[in-house]
Amino acid sequence: MGSDFDVIVVGGGLSGIRAARDLGDAGHSVLVLEARDRLGGRAWTRPFAGREELVEIGGTWVAPEVHPHVADEIARYDLELVVSHGGDLDSRWHFGGELKRHFPLEGDDIYALERTLFQIIRASHRVDPDRPRDEQDLADLDVSVERFLDDLGTPAAVREFIYMWAGLGSGALPGEWSMLTALSLIAAMDNSVWGWYGAVTDRFVIGMSAVVDLLARDSGARIELSAPVSRVEQDDEGVRVTTAAGATYRAPAVVIATPLAVWPDIEFSPALPEDKMEPARAGNPGRMKKTWMVVENLPPNLFASGWGTDFVQMFPELERPDGAIAMGMCAPPSELDVSDLDALTRAVRQFAPEADVVAADAHDFAADPYAKGTWLVNPPGMLSAHHSALGRPEGRIVFAGADVAVRWIGWLDGALEAGARAAEQARAVLGGALPVG
Ligand SMILES: Cc1cc2nc3c(=O)[nH]c(=O)nc-3n(C[C@H](O)[C@H](O)[C@H](O)COP(=O)(O)OP(=O)(O)OC[C@H]3O[C@@H](n4cnc5c(N)ncnc54)[C@H](O)[C@@H]3O)c2cc1C
């Protein structure tokens, strides 16, 4: 099989572009095939509908003190960060159907919260976030968040509080995602529950799309947009990649950098093994509706958290003469229609009774065929059985993506981590170091 490029990268999100950049650094020719008409995937900065302000539609917040790969990119490109929310916050909580201006738990429930958090932190110490979870003895923790709290006998008020935090961390119901994913992130955050919830507050001044563009430019790669890949065939000679439009490209090594939930939509020959396909078919229950709104009469330092509300978290990000530009995270079980301004006003009024929503903008990543979910949270039973299989090369095909990361699973740092690893693995294939077939 003749080759057009040293490596073909399928998927131009942050992870695929990181792989392309590292391969470019090492002197390799790279082709990136991206399904959408833009790079960045689940990281996407664009103007708020019909206005000039740019907003982050997808991945945004980083904490370089715990995100080593993000810190490397900040250093390489001299990137500036800005804090989204902080300082003297007007914290409001909505639990049990009631709006509160003070910490929502009282009396014995505070002791119960302390005991629950102690158990969670203790369990997080069992997780080594730098090793695949199936290589550790963690199956007993790979149960749903709901089941983990059931087993602890967590009282109702504390459960609601933790469900708010888990809803914000996942965009999924507490019965749908694994406590082992949550514990892995807490472990990665130096075993801090608070850190995971409250310490990731910085965003890139230039926006995530511009960050992706910097890496893309540095890669020297040829980039084909609107080129969804439909088939990937490998043999002893190399890999042939075919797009939905019928274009065919060949290379000795291929990086698959699409979301995990999208793998079943690509025809692989030979087929991917079952320990990859089972988690891919299980997919991503994360379906957070990250919603941007222009809101009149919103308290400027509002920091709202709730459970049983439409938004699990909401805060203003920018002040404008016609109102605040605010972000709300709408997690299930809410079925809020985020295009309905009256429904959004009712949702915001759960925290700020005088507010009025006058414009809104969001993207449905769960319905998007090239994402099939927001950030990955693993369903119960997947990580303890299949984690190492997700990032394992299959002959000449290697895998990138935040979804197959080891440390920051589902996060921007994980996308960079897995992209760097895939570039190394692709280089090993080019060097003939990996067994093929
Ligand atoms: C709403 C939202 C909020 C988030 N907030 C944060 C946050 O604050 N902090 C944080 O760290 N992380 C956050 N994340 C997660 C983070 O954005 C992602 O984990 C990360 O961007 C994933 O990068 P990736 O390259 O692995 O995947 P993706 O960005 O999904 O890139 C995969 C690429 O593959 C392409 N593709 C798919 N199918 C095909 C095909 N058949 N052929 C060719 N190309 C294909 C897609 O179009 C896409 O460009 C958030 C995500 C979302 C959606």
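Rules used in this analysis
Residues numbered from 1 in each chain as written. Predicted model: local features only at pLDDT ≥ 70, side-chain atom pairs only at ≥ 80, totals over all residues. Heavy atoms only, no water. 1 Å grid on protein atoms, 1.4 Å probe; cavity = no way out; pocket = protein on both sides within 12 Å on 5 of 7 lines; lining within 4 Å. Points joined across faces, edges and corners; volume = space filled by probe spheres on them. Helix = DSSP H or I, 4+ residues; strand = E, 2+ residues; numbered from the N terminus. Nonpolar A, V, L, I, M, F, W, Y, C, P; charged D, E, K, R; others polar. Buried < 20%, exposed > 50% of the residue type's maximum accessible area, 1.4 Å probe, protein only. Pairing = 2+ DSSP bridges. Core = buried A, V, L, I, M, F, W, Y, C linked by side-chain atoms within 4.5 Å. Domains from an automatic or database assignment. Contact = heavy atoms within 4.5 Å. Buried area = accessible area lost by both parts, 1.4 Å probe. Salt bridge = Lys/Arg side-chain N within 4 Å of Asp/Glu carboxyl O. Polar contact = N/O pair within 3.5 Å; in protein donor to acceptor, adjacent residues only side chain to side chain. Axes fitted to C-alpha atoms, helices over the stretch in contact; angles between N-to-C directions. Left-handed = near helix turned anticlockwise from the far one by under 90°.

Asks: I would appreciate a short explanation of the layout of surface pockets in the present structure.
Replies: Any empty space left between the atoms is revealed when a probe the size of a water molecule rolls over them. Its volume calculated, the second largest pocket comes out at about 210 Å³. At the level of elements, β4 (54-56), β8 (202-204) and β17 (311-320) are the ones that each hand at least two residues to the lining of the second largest pocket. The class makeup of the residues in the lining of the second largest pocket is eight nonpolar, three polar and five charged.

Asks: How should the pairing of β17 be read in this particular structure?
Replies: The two faces of a sheet get side chains in turn, since along a regular strand they alternate between them. In terms of burial, β17 is largely enclosed, as seven of its ten residues are buried. Here strand β16 (residues 302-306) runs beside β17; their pairing, made up of two bridges, is antiparallel. The residue of β17 that forms the bridge with A304 is M314. Two successive antiparallel strands, β16 and β17, enclose a turn made up of four residues, where G308 displays a positive phi of approximately 85°. The pairing of β17 with strand β18 (residues 323-330) spans eight bridges and is antiparallel. Bridge assignment links L318 to a residue of β18, and that residue is I325. Following β17, the chain reverses through two residues before pairing antiparallel with β18.

Asks: I tried to follow the nonpolar core on my own but got confused; where do I start?
Replies: Judged by nonpolar contacts, the single largest core of 90 residues is most densely connected at I8, W196, I256 and W263. Split by domain, this core shows at least three residues from each of two domains, domain 1 (7-43 + 206-282 + 378-430) and domain 2 (105-193). Among the nonpolar cores identified, the runner-up in size contains 36 residues, and I17, L39, L215 and A216 belong to it.

Asks: Honestly, the domain arrangement of the chain in this entry has me stumped. Any pointers?
Replies: Note: interface size is frequently given as the accessible area lost on complex formation between the parts. Its domain assignment divides the chain into domain 1 (7-43 + 206-282 + 378-430) and domain 2 (105-193). Taking only C-alpha atoms into account, the centre of domain 1 sits 30 Å from that of domain 2. Each partner contributes residues to the interface: domain 1 has 16 residues there, and domain 2 has 23 residues. Roughly 1,500 Å² of surface becomes buried between domain 1 and domain 2 when both sides are summed, with 55% attributable to carbon and sulfur atoms. Applying the counting rule to domain 1 against domain 2 returns one salt bridge. In this structure, D130 and R407 form a salt bridge, with 3.0 Å as the shortest nitrogen-oxygen distance. At the surface where domain 1 touches domain 2, the tally comes to twelve residue pairs in polar contact (both at pLDDT 80 or more). In terms of residue class, the side of domain 1 that touches domain 2 is made up of nine nonpolar, six polar and one charged.

Asks: I keep staring at the packing of helix α9 (residues 274-282) against helix α11 (residues 383-390) and nothing clicks. Help me out?
Replies: Each pair of packed helices can be described by the angle between their axes along with the distance between the axes. The interhelical angle for the contact between α9 and α11, taken along N-to-C directions, is 115°, at an axis separation of 9 Å. Handedness of the crossing formed by α9 with α11: left-handed. Contacts from D275, K276, E278 and P279 of α9 reach α11 at H386, A389 and L390.

Asks: Explain empty space enclosed by the protein to me, please; I cannot follow it from the model alone.
Replies: Tallied over the entire structure, the rule returns one cavity of 30 Å³ or more. In this structure, the largest cavity encloses a volume near 60 Å³. If you go around the largest cavity, the residues you meet are L14, V62, V70, E73, F204, M208, V211, L215, L412 and L416. Counting only elements with at least two residues in the lining of the largest cavity, the list comes to α2 (68-77), α8 (208-219) and α12 (412-430). Looking at the lining of the largest cavity element by element, the count peaks at three residues for α8. Taken together, the residues that form the lining of the largest cavity break down as nine nonpolar, no polar and one charged.

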